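# Tertiary structure, described
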Amino acid sequence: MPLDPRLLEILCCPACHGDLVEKAEGLHCQDCGLLYPIEDGIPVMLVDQAKKVDL
């Protein structure tokens, strides 16, 4: 289930404040490369829960 576009507009990466892009795996920060999971339609915006992915 995709996130509401209005929610995606106001969310930013808690680690670097970069923009987030919704992917199938979660929300991906284009600046630092962290991927934040989405569980039951709710983004988990905790740095310690994010995974580093290749840019």
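Presented here is an overview of the structure given in this document.

Conventions adopted
- Residues numbered from 1 in each chain as written.
- Predicted model: local features only at pLDDT ≥ 70, side-chain atom pairs only at ≥ 80, totals over all residues.
- Heavy atoms only, no water.
- Helix = DSSP H or I, 4+ residues; strand = E, 2+ residues; numbered from the N terminus.
- Buried < 20%, exposed > 50% of the residue type's maximum accessible area, 1.4 Å probe, protein only.
- Contact = heavy atoms within 4.5 Å.
- Areas by Shrake-Rupley, 256 points an atom, 1.4 Å probe, with all protein chains shown as cover.
- Lys, Arg positive; Asp, Glu negative; His and termini not counted.
- Charge placed at Lys NZ, Arg CZ, Asp CG, Glu CD.
- Pairing = 2+ DSSP bridges.

## Topic: the overall build of the protein chain
Looking only at helices and strands, the protein chain has 1 helix and 6 strands in total. In sequence order, the protein chain lays out its α and β elements as α-β-β-β-β-β-β. Each of the three principal axes of the protein chain carries a C-alpha extent, and together these read 25 × 20 × 20 Å. Burial analysis of the protein chain (55 residues in total) assigns 29% to the buried set. Put simply, of all contacts in the protein chain between residues at least 6 apart along the chain, 18% involve residues at least 24 apart. About 3900 Å² of surface is accessible on the protein chain, with carbon and sulfur atoms providing 54% of the total. Of the charged side chains in the protein chain, 4 are positive and 10 negative, and the gap between their average positions amounts to 3 Å.

## Details of the sheet that holds strand S3 (residues 34-36)
The sheet built from 4 strands is open, its strands ordered S1-S2-S3-S6 with antiparallel pairing. Looking at which strands have only one partner, the edges of the open sheet turn out to be strand S1 (20-22) and strand S6 (51-52). Pairing of S1 with strand S2 (residues 27-29), which is carried by 3 bridges, proceeds in the antiparallel orientation. Its bridge partner being in S2, glutamate 22 is matched across the sheet by leucine 27.

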